[in-house]
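Coordinate analysis (summary)
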Amino acid sequence: MPERVPAPAVPADGVWDAVVVGAGPAGSAAALELARAGRSVLLIERGPFPGAKNVYGGVVYGRILDELIPRWWDEVPVQRWVTRRSTMVMTPTQAFTVDFRTQAWGQPPYNGMTTYRADFDAWLAGHAVEAGAVLVTSTVVTGLLRDERGRVTGVRTDRDDGDIRARVVIACDGVNSFLAKEAGLLPQTDAHHLTLGVKETLALPREVIEERFAITGTEGLDIEILGCTRGIPGGGFLYTNLDTVSVGVVVALTGLAKAKVRPEELIADLKAHPAIAPYLRGAELKEYAAHLIPEGGYRTMPRLAIDGMLVAGDAAAMCLAAGIWLEGVNFAIGSGMYAGRAAAEALRRRDTSASGLAGYRRLLEDSFVLADHKRLQRAPDLVLSERVQKQYPGMVCDLVQEVFTVTNPVPKRGMSRLLRDTARRHGVRLRDLARDGLAGLRVFG
Ligand SMILES: Cc1cc2nc3c(=O)[nH]c(=O)nc-3n(C[C@H](O)[C@H](O)[C@H](O)COP(=O)(O)OP(=O)(O)OC[C@H]3O[C@@H](n4cnc5c(N)ncnc54)[C@H](O)[C@@H]3O)c2cc1C
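Residues numbered from 1 in each chain as written. Predicted model: local features only at pLDDT ≥ 70, side-chain atom pairs only at ≥ 80, totals over all residues. Heavy atoms only, no water.

1. Some remarks on the overall build of the protein
Of regular secondary structure, the protein possesses 14 helices and 19 strands. Rg of the C-alpha trace for the protein: 23 Å, near the compact-globule value of 22 Å for 445 residues, within the 12% margin. Expressed as lengths along the three principal axes of its C-alpha atoms, the size of the protein is roughly 90 × 45 × 40 Å. Contacts in the protein between residues at least 24 apart in sequence constitute 71% of all its contacts with a sequence separation of at least 6. Accessible surface, the protein as shown: approximately 19,600 Å² in total, 54% of it carbon and sulfur. (Helix = DSSP H or I, 4+ residues; strand = E, 2+ residues; numbered from the N terminus. Rg over C-alpha atoms; globule rule 2.2 N^0.38 Å. Contact = heavy atoms within 4.5 Å. Areas by Shrake-Rupley, 256 points an atom, 1.4 Å probe, with all protein chains shown as cover.)

Structural data, given as structure tokens:
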């Protein structure tokens, strides 16, 4: 059991301006914003240090940090700057890859980076502390305090000195937030809106990574993969760190249960795939981790404010898992920052009721956080649909194989004939293909 940090000095009147629960990216961004506004803020984390318990695939898109920490790239604990992004569609014996690389992402202001959560979360929380927030670790928030009218007035913790009173509580306690549930903001868990992400971190010498993935210096590669989950709705990923790679899959919880497959088996399949295995030859397993992801998107977001409380990040289902995107940390930072900003403004006006905190929703509406979620709200339906998951990977790979197979002395067939024949072989009607194409345009267009 790690040693507990001594209880922090309580403000003179015994009430903190704000208590933020969870020192993940959402919580630290909220605490940073409040501290900078001159508010007393307590940031409570159950792990022994921020990031200790946090699991993700590996890429942070840092643009939102521009608003919080100017020139953050000079100091962020980066592994590699993503300069190469690939999307791979596979069947057990084939792989078709669209590969993009640009030198632009390898220099300021950068685009995405691989980074370890233990480093990144601790770094962001460090900024909140530097700005004046008080961080308490190894402390679990066990419930909400409320007054006789039901207004949230603080939190209960598992510490001896127990209850902590605050004018506003910001729940940033991650997916399946039990604080949001206790407040009546989140309905009981619906497994249909959750995916399970599992990943292995594998060690390889730095120069081997650079040679195999055709990257140099601190350049990095991010591969997103479709068709690697035995038809269970989901996908896979492979990211490069300095001297490790992260390989994993994200699959629908209900689909996994129905298929009676263990997630480790899916990762084993992926690692053994002929397109992936050569990258990983000789790699040594360093870590295995699993975590839930809120994948329901915009339509499953809870109410965001009640009297005395706001909810941000994964706790508010603000994670975008829509095929070619797997982004949660940037949405967590954005929503946490806006929650902190709205709370600071409500405190300034001495009104932390639900209507006093309504500025939070307005800030989110005006930003990428809700705009992206609204625009892409139907993406999970399309990306996780039966045809995209089970029929299209095989169809695409076979089509490409046909195109590149030289059939002399038989003359080449035209593309539309090839498409028709391949679609028919895979049980795909051209009508459905056209419909999905249009749906794709509507969802992503
Ligand atoms: C396998 C996987 C791959 C992913 N890949 C990516 C990726 O590559 N890029 C990306 O941007 N996103 C990715 N995500 C999503 C991303 O991890 C989340 O969206 C992001 O971490 C959400 O941040 P958060 O601060 O809201 O919650 P979290 O990061 O979950 O932080 C919540 C914090 O609250 C603490 N906490 C919880 N309950 C309590 C309590 N009762 N008391 C005190 N503390 C508490 C936790 O210990 C934790 O520190 C991935 C997720 C998974 C599972």
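Don't stop here, the text continues.
2. Focus on the site of the ligand
The immediate surroundings of the ligand are formed by 35 residues, with Glu 45, Gly 57, Val 59, Arg 117 and Asp 314 found nearest. Between the ligand and Val 141, the relevant distance is 2.9 Å, taken from a nitrogen atom to a main-chain nitrogen or oxygen of the residue. The backbone of Val 329 places a nitrogen or oxygen atom 2.9 Å from an oxygen atom of the ligand. Burial of the ligand by the protein chains amounts to 97% of its free accessible area of 1,000 Å². (Near = heavy atom within 4 Å. Polar contact = N/O pair within 3.5 Å; in protein donor to acceptor, adjacent residues only side chain to side chain.)

3. What about the pairing of strand 13 (residues 234-240)?
Within a regular strand, the side chains alternate between the two sheet faces. Among the seven residues of strand 13, seven are classified as buried, and the element is accordingly described as predominantly covered. Residues Gly 234, Gly 236, Leu 238 and Thr 240 of strand 13 are buried on one face, and the alternating residues Gly 235, Phe 237 and Tyr 239, pointing to the opposite face, are buried as well. As judged from the four bridges shared by strand 12 (residues 219-226) and strand 13, these two strands associate in the antiparallel manner. Among the inter-strand pairings, Glu 224 is bridged to a residue of strand 13, identified as Phe 237. Looking at chain direction, strand 13 and strand 14 (residues 244-252) are connected through seven bridges and run antiparallel. Across the sheet, Tyr 239 pairs through a bridge with Ser 246, a residue of strand 14. (Buried < 20%, exposed > 50% of the residue type's maximum accessible area, 1.4 Å probe, protein only. Pairing = 2+ DSSP bridges.)

4. Describing the UniProt feature "domain: FixC-like C-terminal" (unreviewed entry) in the protein
Under the local residue numbering, the UniProt record ascribes the feature "domain: FixC-like C-terminal" (unreviewed entry) to residues 386-444. Structurally, residues 386-444 is divided into 76% helix and 0% strand, and its ends, taken at the C-alpha atoms, are 19 Å apart. (UniProt positions renumbered as here; feature names shortened; annotations may be inferred.)

5. Description of unusual backbone geometry
A cis amide bond links Pro 108 to the next residue, Pro 109, at an omega of 5°. Following the sequence through the fold, Pro 109 ends up in the loop between strand 5 (94-101) and strand 6 (112-114). For the bond from Asn 408 to Pro 409, the omega torsion is 5°, close enough to zero to count as cis. With respect to the helices and strands, the residue Pro 409 is situated in the loop between helix 12 (386-404) and helix 13 (415-425). Positive phi values are uncommon outside glycine, yet Arg 71 reaches one of about 50°. With a phi angle near 60°, Tyr 110 is a residue other than glycine that sits in the positive phi range. Summarising the element assignment, Tyr 110 is placed in the loop between strand 5 and strand 6.

6. A look at the domain arrangement of the protein
When the domains of the protein are assigned, the result is domain 1 (16-77 + 116-190 + 300-378), domain 2 (192-294) and domain 3 (385-444). Here the C-alpha centre of domain 3 lies 26 Å away from the C-alpha centre of domain 2. Contacts between the two partners involve seven residues from domain 2, matched on the other side by four residues from domain 3. Interface area, domain 2 with domain 3, both sides summed: about 390 Å², of which 62% is carbon and sulfur. Interface area lost by domain 2 to domain 3 is led by Leu 226, Gly 227 and Gly 231, which between them contribute 78%. (Domains from an automatic or database assignment. Buried area = accessible area lost by both parts, 1.4 Å probe.)

7. Considerations on the environment of Ala 104
Structurally, Ala 104 is set in the loop between strand 5 and strand 6. Relative accessible area serves as the criterion here: at 45%, Ala 104 is assigned to the partly exposed category. Expressed as a C-alpha distance, the spacing of Ala 104 and Thr 83, which sit 21 residues apart in the sequence, is 7.6 Å.

8. Here we look at the side chain of Lys 181
Relative to the elements of secondary structure, Lys 181 occurs in helix 3 (residues 178-182). Despite its burial, Lys 181 pairs with no opposite charge, the nearest such side chain being Asp 173 at 9.1 Å. Excluding its chain neighbours within four sequence positions, the residues that come into contact with Lys 181 are Asn 176, Leu 186, Pro 187, Gln 188 and Thr 189. (Lys, Arg positive; Asp, Glu negative; His and termini not counted. Salt bridge = Lys/Arg side-chain N within 4 Å of Asp/Glu carboxyl O.)

9. As for the pairing of strand 5
Pairing between strand 4 (residues 80-91) and strand 5: eight bridges, direction antiparallel. Its bridge partner being in strand 5, Met 88 is matched across the sheet by Thr 97. Turn length for the strand 4-strand 5 hairpin, with the two strands adjacent in sequence and antiparallel, is two residues.

10. Quick notes on a nonpolar patch on the surface
Taken together, the side chains of Val 403, Phe 404 and Met 415 define a hydrophobic patch exposed on the protein surface, amounting to about 330 Å² of accessible area. Note that Phe 404 resides in helix 12. With relative accessibility at 65%, the residue Phe 404 sits in the exposed group. (Patch = residues over 30% accessible without salt bridge, like charges linked within 9 Å, V, L, I, M, F, W, Y side chains within 5 Å.)

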